[in-house]
Structure formats: C-alpha cells, structure tokens
Amino acid sequence: KEHGLIRRKGANLLCPRDGKRGAAYVDAISDTFVGGANLMLSYTWRYRVKDIIDTLVAKCKTDNRDTKTTFVWICCFCNNQHRISETKNVSFDEFRETFSNTVTGVGTIWSMMSPWNNPAYLKRVWCIFEVYTAHKEVGCTAEIIMPEREKAAMISSLEDYNELYDVLGKTRIELAEASVDQDKKNILELVEKTVGFSDLNNKVNVLLREWIMGVLLSEAEKGDPKGKKKILDNATKLYHIATALEKMGNFDKSLELYNQCRSMREQWLDKDHLVTTMTYNKIGVVMCSKGDYESAMHMYQKCQLIQEKSLGNDHPETATTYHSIGTVLRAKGEFTAMDGWMDIDSSTCLLAPVKETFESSRFESSRVTATCMANENNFI
C-alpha cells in the first residue's frame, strides 16, 4: 500500500523533531533532494504519482524553474506518517494549524486538478479549504496546475463550450467530501462563519477561470504551422479559443484571435467561403459587445451578401444574419431602418426573432454551422 511504502522508508530512523523511532519520508532521504520549500502542492491522494511528477515538471518548465532547486512541500512526504498513524485521530485544529503555518511559510500553493472536466480536487473539502486559506493569508498565492494530457483534452473539447462553462461553476464546498466527517463539519462551520459558502465557491471558480484563460492564451500563441491543412487546422483552433474567451468576457483578445483566424481563412479558402463567413459573424458579435456598432454592421453585411448569394434569402443562416443586423440597428436606435428591413421580405423572417420562422430555424442553423466546422477541410 502507498502508506506502507512511505512509512517504511523512515521506519527504523529516529525523528529529528521528537527523537522517537519512525521518521517522515523527507527525513529519510539524501540531503541532495531536500531543501527549504519554495512551493506547496495541494492535491488529492487519488492522483497517480506519475501524474503528480509529470505535472510538477511541466509547471517548472513553464515557469523556467530549475527542477533541481525547486523544493515542493507535499504532505504525505513531509508530515510524519508514523505519528499520524499512531495518533489515529489527529484533531482538526492541529491539522489546520500545521497547514496554515506551511502556507504562510512557503507562500505559494500549486493546486493540482484532474481530470479537467470533473476535478477530483473540487470534491474534497480539505482541498478547497487549502485554496481558501491561501487566498485568505496575506502574501500567499494559489495557482492551478494540471497534467499536460488534461490540458490537451480541454483544448480539444473547446468546440463544446458548454462543457467548459460547466467546469467554471463546479466548486461547491458544501457538497464536497472528507475522509473524516467531523473534519467536514468543522471546515464548513468555519467557512460559514467567515467568508461564507457562496463567496468561497466564487473565489475558487474565479481562480479556475483565470487559469483556464491563461492556458487558452498560451495555446493560441503556440506553433507556426506550415502547409494549407495545418494552417486551416490552426485557424479552427484559434476560432474555438476565441469563442471561449468571448464567452468569458475577454473581448479584446477574442477579437484579436478571430481576426487571425479570418486572415488565414481568407488566404487559404476564400473571402466568400461560408466557413470564412462564420468568422465574420463572430467578429461582428464581439464588435457589438464592445459597442462598436459600425464595425459590427460592416461584418454582418459581409455575411449577408455572401449568404444571400450562396444560400439564398430564406436559409436559416441568412435569417440569423438578418436578425444580427436588426440587433445592431436596435442598439443604435434606428428603429425606422429596422422596419425597412422587415418589409423587404417578411416570409424569410428578416430581423424578426419573435417570428415563428426564425425560432424554427435555430436548430437547423446550429446543425449547418457544426457541419461546416467539421468539414472545413473538405472545402479545400
């Protein structure tokens, strides 16, 4: 068993702290691998050792840290498991004091989360409490880390933003678990009396949101693809990252990535290609969100001309663009212009979101969009 392996290392050594037989793992290994902790790892004991090591090494590489001089405080190695085993029931206050002293002493916590779409970390009361403590203590910070394969899985799933959105609201400390029921009760009482469940959950979710945004921005800057297929694949990746950033309110960076995507698609597909049109539409959405209605209108009108030519006036995608144009006109207060648009051809539900035709077109519109994205390379 894992606990037996850890305790076995120092079983016959005297603990340098209390002089009793049975030392912590950290006291039983060569001084070459021991030093003052730069960081503290917050994790669950369900994680595989290999995943933990790989994640720590990758994080060091990202931060340009030397792995030989980066010392991480990990509870199972640094706490004396012999004393914990002998005591059986270590009090909550003792655990809490040990943890708080470690956090303030080290200053930085790396909170390891996996899998990306359902982190075991967020299901453990102690883990959430550790992040809370790091936020609460002056001069302390908490960062999220994740196995590289989980980051890759998150990036590859961006086409379904709902899955990412679900993760951003995952923290519910009141529903989390603990090995010792009394620990959970004590932590929940402490949280309720201080910061409150809602505020703590929000703080952790914001931390998770900031980390995800950082990962997406880093991924967007990767690589310099060569060749038509790889460039268009990269354009699709940028499109999905831009959509996620847009949903998270980072309009400036989202717009930058949409424009990069547009440039690639205009060069390698065509300015009048339907896939390129989807990028024009997204740029229009962001421009509208930023209050730049003239630029938004310009993009929507580009969509309109291409869609009318390629799909026809009564196609669901064209109808969606008409509605977007109407939204801009309404935001600008040009209600007379809206009426003019609606008089063009009422049978195609121009700009009328309340009309039955537009409502019934939504499913078909989303299906067409998904098909275009899935088969982008078929248009090459």
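The text that follows walks through the structure, step by step, so that each part is easy to find. (Residues numbered from 1 in each chain as written. Predicted model: local features only at pLDDT ≥ 70, side-chain atom pairs only at ≥ 80, totals over all residues. Heavy atoms only, no water.)

### Comments concerning the packing of helix H6 (residues 125-136) against helix H9 (residues 181-193)
Stated precisely, the cut-off is as follows: Each axis is a line fitted through C-alpha atoms, taken for helices only over the stretch in contact, and angles between the N-to-C directions span 0 to 180 degrees. Each helix is a run of DSSP H or I of at least 4 residues and each strand a run of E of at least 2, with the numbering of both proceeding from the N terminus. Should an angle fall under 35 degrees it is called roughly parallel, over 145 degrees roughly antiparallel, and 65 to 115 degrees roughly perpendicular, with every other angle called oblique. Handedness of each helix crossing follows the sense of rotation of the near helix against the far helix: counterclockwise by less than a right angle gives left-handed, clockwise gives right-handed. Only heavy atoms enter the contact rule, under which two residues are in contact if any of them lie within 4.5 Å. For this classification, the nonpolar set comprises Ala, Val, Leu, Ile, Met, Phe, Trp, Tyr, Cys and Pro, the charged set comprises Asp, Glu, Lys and Arg, and every other residue, Gly included, is treated as polar.
One can describe the packing of H6 onto H9 by two numbers: an axis separation of 10 Å at closest approach and a directional angle of 30°. The angle between H6 and H9 places the two elements in the roughly parallel class. When the axes of H6 and H9 are compared, the crossing they make is left-handed. Side by side, H6 and H9 meet where Val125, Trp126 and Phe129 of the first sit next to Asp183, Lys184, Ile187 and Leu190 of the second. Considered class by class, the residues forming the contact of H6 with H9 number five nonpolar, no polar and two charged.

### Concerning the pairing of strand S4 (residues 141-145)
Rule in force here: Any two strands with at least two DSSP-identified bridges between them are counted as paired. Throughout, right-handed denotes a crossover for which the path from the first strand over the helix to the second runs clockwise when the strands point away from the viewer.
Here strand S3 (residues 108-112) runs beside S4; their pairing, made up of five bridges, is parallel. Across the sheet, residue threonine 108 finds its bridge partner in S4, namely threonine 141. As for the winding sense of the linkage, the β-α-β connection from S3 through H6 to S4 is right-handed.

### Overview of the side chain of glutamate 219
Spelled out, the test is: Exposure categories follow from relative accessible area, calculated using a 1.4 Å probe and restricted to protein chains: below 20% of the type maximum is buried, above 50% is exposed, and the middle band is partly exposed.
Tracing the backbone shows glutamate 219 in helix H10 (residues 197-220). Owing to a relative accessible area of 16%, glutamate 219 belongs among the buried residues under this scheme. In contact with glutamate 219, not counting residues within four places along its chain, are Ile155, Lys237 and Ile241.

### Quick look at the state of the cysteines
Which entries qualify depends on this criterion: We call a pair of cysteine sulfur atoms a disulfide whenever their separation is within 2.5 Å.
Inspection of the entire model under this criterion finds zero disulfides. Lacking any disulfide linkage, cysteine 76 is separated from the closest cysteine sulfur, that of cysteine 75, by 5.4 Å. Classification of cysteine 76 as buried rests on a relative accessible area of 5%.

### What to know about the pattern of salt bridges
Note on pairing: side chains with opposite charge can pair once their charged atoms come close. Note the following rule: A carboxyl oxygen of Asp or Glu within 4 Å of a side-chain nitrogen of Lys or Arg is what we treat as a salt bridge.
In the structure shown here, the tally under the stated rule is 23 salt bridges. For arginine 17, the salt bridge identified is with aspartate 27, shortest N-O distance 2.4 Å. Taken together, the residues arginine 17 in the loop between helix H1 (2-9) and strand S1 (39-42) and aspartate 27 in the loop between H1 and S1 connect sequence positions ten residues apart. Exposure remark for arginine 17: the relative accessible area of 60% places this residue in the exposed category. Residues arginine 46 and glutamate 177 are paired through a salt bridge, measuring 3.4 Å at the closest nitrogen-oxygen approach. Taken together, the residues span a long stretch of sequence, with arginine 46 in the loop between S1 and helix H2 (49-62) and glutamate 177 in the loop between helix H8 (161-167) and H9 at a distance of 131 residues. Each of Arg48, Asp51, Arg149 and Glu150 takes part in a single network of salt bridges with overlapping partners.

### Considerations on a nonpolar patch on the surface
To be explicit about the condition: The patches described consist of residues with a relative accessible area above 30% and no salt bridge, like charges being joined within 9 Å and nonpolar side chains (Val, Leu, Ile, Met, Phe, Trp, Tyr) within 5 Å. Only the protein chains shown count as cover for residues, and all accessible areas are computed by the Shrake-Rupley method using a 1.4 Å probe.
Together, Val49, Ile53 and Val57 make up a nonpolar patch on the protein surface, roughly 250 Å² of accessible area in all. If you trace the backbone, valine 57 turns up in helix H2. Judged by its relative accessible area of 45%, valine 57 is partly exposed.

### Regarding the packing of aromatic side chains
What counts here: The aromatic pairing rule takes the rings of Phe, Tyr and Trp, using the six-membered ring of Trp, and pairs them if the centres are within 6.5 Å, calling planes under 30 degrees apart stacked, those over 60 edge-to-face and the rest tilted. For a Lys NZ or an Arg CZ to count as sitting over a ring, it must be within 6 Å of the ring centre and within 35 degrees of the ring normal.
Under the definition given, this model contains four aromatic pairs. On the numbers, 6.1 Å between centres and 45° between planes, the contact of tyrosine 161 with tyrosine 165 is tilted. Here tyrosine 165 and tyrosine 161 lie together in helix H8, a separation of four residues that amounts to about one turn. With relative accessibility at 12%, the residue tyrosine 161 sits in the buried group. Judged by its relative accessible area of 56%, tyrosine 165 is exposed. Above the ring of tyrosine 280, the side-chain terminus of lysine 302 is found at 4.1 Å from the ring centroid.

### A few points about the sheet that holds S3
Across the sheet, four strands lie side by side as S2-S1-S3-S4; this open sheet has parallel pairing. Strands at the two margins of the open sheet, each flanked by one partner only, are strand S2 (72-73) and S4. Across the sheet, helix H5 (residues 92-106) is in contact with S1, S2 and S3; its angle to S1 comes to roughly 135°.

### Re unusual backbone geometry
For the bond running from serine 114 to proline 115, omega is -10°, close enough to zero to count as cis. Relative to the elements of secondary structure, proline 115 occurs in the loop between S3 and H6. With a phi angle near 55°, asparagine 64 is a residue other than glycine that sits in the positive phi range. Asparagine 64 sits in the exposed class, given a relative accessible area of 73%.

### Points about the nonpolar core
The criterion, for reference: Here, nonpolar core means buried Ala, Val, Leu, Ile, Met, Phe, Trp, Tyr and Cys residues that are tied together by side-chain atoms lying within 4.5 Å of each other.
Formed by 90 residues in total, the largest nonpolar core has its most connected members in Ile212, Leu216 and Met248. A total of ten residues in this core trace back to one element, the largest contributor, which is H10. Leave out the neighbours within four places in its chain, and methionine 248 touches Tyr161, Leu168, Arg209, Ile212, Met213 and Leu216.

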